[in-house]
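Residue strings, one per chain:
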Amino acid sequence: MKLFYQDSTIEINLDTTKINCLCIEKHSVFRHMILELYEQYSGGEGPWIYNVNAKGVAIDKSLHVIMNPIQVDVNSKTILTKLTANLVKESNLMMEELHETVSRLHQFYYQLEFGSSIDIEHKEEIVAADIIKLGAFKIPENDADPVDRLVDYINIVHELLNPDLFVIANIEMYLDVEELHAFFTTMLAKQLCVLCISSGVHGLDDIDKSFINGYTLDSDFCLI
C-alpha cells in the first residue's frame with residue numbers, strides 16, 4: 001500500500017507492522033495538505049492518491065481520517081448507517097421473528113385506525129428496515145479517558161467500516177509520550193494500518209523509533 005501526492009515526489013510506503021508517520025515541517029503546508037485529504041475522504045476531488053498492489057483505490061472508500069483524536073463520534077451518520085444496514089441484514093435472517101413482529105404492528109395500527117375519529121390508513125408493507133428504524137439504535141458513549149475512547153472508536157470503525165488505513169492528525173498534541181506508546185502498541189497488536197500526520201519540526205521525535213516508519217516533508221517540500 002502506498003500514498004502519493006500528485007505532481008510531487010511524495011511517496012509513502014505504508015508499513016503494516018509499524019506506525020507510519022509523516023511530519024510536515026511547515027504549518028501552512030500541513031494545513032493545506034490535510035484539508036485536501038479530508039476533502040477527498042469526504043468524497044471530493046484532490047491530489048492524494050492511494051494505491052494497493054499498484055492500483056488506485058478511492059480514498060473515501062478505503063481511508064478513515066480522524067482530524068481530532070480526542071473528539072471522536074461513535075454515533076456519526078456513517079457509523080450509524082452501517083450499523084443499521086447490518087441490523088437489517090441480521091433481522092432479515094430471523095424470518096419467523098420478523099413475520100411475527102410485522103403482524104403485531106399491523107394489528108396495533110389497525111386498532112388505531114378503527115378507533116380514529118377521522119379516516120386514516122397506515123403503510124401496508126412493513127419491512128425490516130422500518131422496524132430497525134423504530135429501535136433508534138446507537139452505540140453507548142464511553143466515559144473513559146481520551147485514549148480509551150479513541151481505541152474504542154477505532155475498534156468500532158474497524159468492525160463496521162473496515163478501512164484499509166486510519167489517518168490521524170496531530171495526535172502528539174493531545175497525548176503524552178506514555179499514552180502514545182500505549183496507543184501505538186494497541187494498534188500494532190490489532191494489526192491495524194495507521195498513518196499519523198503531524199505539523200511542525202519535531203512531530204513524534206520522542207517515540208521509540210522501532211515503532212515508527214517515519215517521513216518528514218521539509219520546508220522545501222522535499223520528503224526526507
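Source: prediction; values computed, not measured.

Enquirer: Would you mind showing me how to read the packing of aromatic side chains here?
Expert: Aromatic ring pairs: the centre-centre distance and the angle between the two ring planes describe each pair. Under the definition given, this model contains 6 aromatic pairs. Ring plane angle 80 degrees and centroid distance 5.1 Å describe the contact between Tyr5 and Trp48, whose orientation is recorded as edge-to-face. Of the two residues, Tyr5 sits in strand E1 (residues 2–5) while Trp48 sits in strand E4 (residues 48–52), which places them 43 residues apart along the sequence. Residue classification places Trp48 among the buried residues on the basis of a relative accessible area of 4%. Ring geometry for Tyr38 and Tyr41: centres 5.6 Å apart, planes at 55 degrees, overall tilted. Residue Tyr38 and its partner Tyr41 are both found in helix H1 (residues 27–41); the two are separated by 3 residues, about one turn of the helix.

Enquirer: I keep staring at the nonpolar core and nothing clicks. Help me out?
Expert: Across soluble globular proteins, nonpolar side chains show a tendency to be buried alongside one another. Grouped together as the largest cluster of nonpolar side chains are 30 residues, with contacts concentrated most on Ile19, Ile154, Ile171, Phe183, Phe184, Met187 and Cys196. Those elements that place two or more of their residues in this core are strand E3 (19–24), helix H3 (77–93), helix H6 (146–160), strand E7 (165–169), helix H7 (177–189) and strand E8 (194–199). It is H6 that provides the largest number of residues to this core, a total of 8 residues. Once residues within four sequence positions are removed from consideration, Ile19 is found in contact with Phe184, Met187, Leu188, Val194, Cys196, Phe211, Ile212 and Asn213. The next biggest cluster of nonpolar side chains, apart from the first, holds 25 residues, and it includes Ile10, Ile12, Cys193 and Ile197.

Enquirer: Honestly, the layout of surface pockets in this entry has me stumped. Any pointers?
Expert: It is a probe the size of a water molecule, rolled over the atoms, that shows where empty space is left. Here the largest pocket defines a volume of roughly 450 Å³. Along the walls of the largest pocket sit 20 residues, with Tyr41, His64, Val65, Thr78 and Tyr153 positioned nearest its centre. Breaking the lining of the largest pocket down by element, the ones donating at least two residues are H1, helix H2 (59–62) and strand E6 (63–66). Examining the composition of the lining of the largest pocket, we find that 4 residues originate from one element, E6, more than from any other.

Conventions used here
- Residues numbered from 1 in each chain as written.
- Predicted model: local features only at pLDDT ≥ 70, side-chain atom pairs only at ≥ 80, totals over all residues.
- Heavy atoms only, no water.
- Phe/Tyr/Trp six-rings, centres within 6.5 Å; stacked < 30°, edge-to-face > 60°.
- Helix = DSSP H or I, 4+ residues; strand = E, 2+ residues; numbered from the N terminus.
- Buried < 20%, exposed > 50% of the residue type's maximum accessible area, 1.4 Å probe, protein only.
- Core = buried A, V, L, I, M, F, W, Y, C linked by side-chain atoms within 4.5 Å.
- Contact = heavy atoms within 4.5 Å.
- 1 Å grid on protein atoms, 1.4 Å probe; cavity = no way out; pocket = protein on both sides within 12 Å on 5 of 7 lines; lining within 4 Å.
- Points joined across faces, edges and corners; volume = space filled by probe spheres on them.

This is a description of form; function is not addressed.
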